[in-house]
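Letter by letter, the chains look like this.
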Amino acid sequence: MIEEGFVRMYAHDFAALAARAEGGSDVEALVRKRIDEARSHAALMDARKGEGHLPAVADRVAHEAEREDVRFVRAGQDVPGALARRKEFLLQIVDLLRSPPVAAGRISIAVRG
């Protein structure tokens, strides 16, 4: 059985990183680290609680990417643009979570604006 707390924790962390990226912070190293942690933690959870933890995180992050809640946008920002960049960032995370691990330095998750 997939642990909801596990899924919620990683989805929240990736959403928080999207907000930091939108604010101008360089989060690429943090994202790479968190994806690696999610992979290893998911393997442990799968062994103890049942299969499917990493795909569940990817699904939740994809769901989060589709949300169009303006509370994710700072006052005075271009709301449609900020939501589109957030969605693009989170969908890149989903792609990384669903793909096999890659060597360090080979991924890029820049927010384009």
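Every value quoted in this text rests on a predicted model; they were computed, and no experiment measured them.

> Before we go on, may I ask you to explain the side chain of R34 in this structure?
Within the secondary structure layout, R34 lies in helix α2 (residues 28-49). A distance of 2.6 Å separates the side chain of R34 from the side chain of E37, its partner in a polar contact. In contact with R34, other than residues within four places in its own chain, are M9, Y10, D13, F14 and L17.

> How should I be thinking about the pattern of salt bridges in this particular structure?
Any two side chains of opposite charge can pair, on the condition that their charged atoms come close. In total, this model carries 12 salt bridges according to the counting rule given. Across the salt bridge formed by R60 and E4, the nearest N and O atoms sit 2.8 Å from each other. With R60 in helix α3 (residues 53-66) and E4 in helix α1 (residues 4-22), this pair connects stretches of sequence that are 56 residues apart. Given the relative accessible area of 27%, R60 is considered partly exposed. Residue classification places E4 among the partly exposed residues on the basis of a relative accessible area of 35%. A salt bridge links D59 to R98, with the shortest nitrogen-to-oxygen separation between them at 2.6 Å. Placement of the pair is D59 in helix α3 and R98 in helix α4 (residues 79-98), with a sequence separation of 39 residues.

> Even after reading the chapter, I still don't get the confidence of the model for the protein, so can you show me in this structure?
Detailed reading of the predicted model is not advised wherever pLDDT is low. Averaged over every residue, the pLDDT of the protein is 88; the share at 70 or more is 84%. Per-residue pLDDT, averaged within each element of the protein, yields its smallest value for α4 (93) and its largest for α3 (97).

> How should the environment of A58 be read in this particular structure?
Relative to the elements of secondary structure, A58 occurs in helix α3. When its relative accessible area of 1% is taken as the criterion, A58 is described as buried. Remark: the alpha-carbon pair of A58 and Y10, spanning 48 residues in sequence, is separated by 9.2 Å. Residues within four places of A58 in sequence aside, it is in contact with V94, L97 and R98.

> Help me out: how do you make sense of α2 in this one?
An α-helical turn contains 3.6 residues, so a residue and the one three or four places further along point in the same direction. An ideal rise of 1.5 Å per residue puts 32 Å on 22 residues; α2 measures up with 30 Å between its terminal C-alpha atoms. Residues of α2 that are buried include every one of V31, R34, I35, A38, R39, A42, M45 and D46, and no others. Down the axis of α2, the sector holding all buried residues measures 145°, keeping them to one side. When the buried face of α2 is taken as reference, the exposed residues oriented beyond 90 degrees from it are A29, K33, A47 and R48. Residues of α2 that are buried in the fold lie against α1, α3 and α4. Looking at the residues trailing α2, positive phi occurs at G50, about 120°.

> Can you walk me through the packing of α3 against α4 in this structure?
To characterise two packed helices, one gives the angle between the axes of the helices and the distance between these axes. Packing of α3 against α4 leaves a shortest axis separation of 8 Å and a crossing angle of 165°. The orientation of α3 relative to α4 falls into the category roughly antiparallel. As for the relative orientation of α3 and α4, their crossing is left-handed in sense. On α4, the residues that touch L54, V57, A58, D59, V61, A62, E64, A65 and E66 of α3 are R86, K87, L90, L91, I93, V94, L97 and R98. Its residues assigned to classes, the contact of α3 with α4 comprises 11 nonpolar, no polar and 6 charged.

About the cut-offs
Residues numbered from 1 in each chain as written. Predicted model: local features only at pLDDT ≥ 70, side-chain atom pairs only at ≥ 80, totals over all residues. Heavy atoms only, no water. Helix = DSSP H or I, 4+ residues; strand = E, 2+ residues; numbered from the N terminus. Polar contact = N/O pair within 3.5 Å; in protein donor to acceptor, adjacent residues only side chain to side chain. Contact = heavy atoms within 4.5 Å. Salt bridge = Lys/Arg side-chain N within 4 Å of Asp/Glu carboxyl O. Buried < 20%, exposed > 50% of the residue type's maximum accessible area, 1.4 Å probe, protein only. pLDDT = per-residue confidence, 0-100. Expected span 1.5 Å × (residues − 1). Arc of directions from axis to C-beta. Axes fitted to C-alpha atoms, helices over the stretch in contact; angles between N-to-C directions. Parallel < 35°, antiparallel > 145°, perpendicular 65-115°, else oblique. Left-handed = near helix turned anticlockwise from the far one by under 90°. Nonpolar A, V, L, I, M, F, W, Y, C, P; charged D, E, K, R; others polar.

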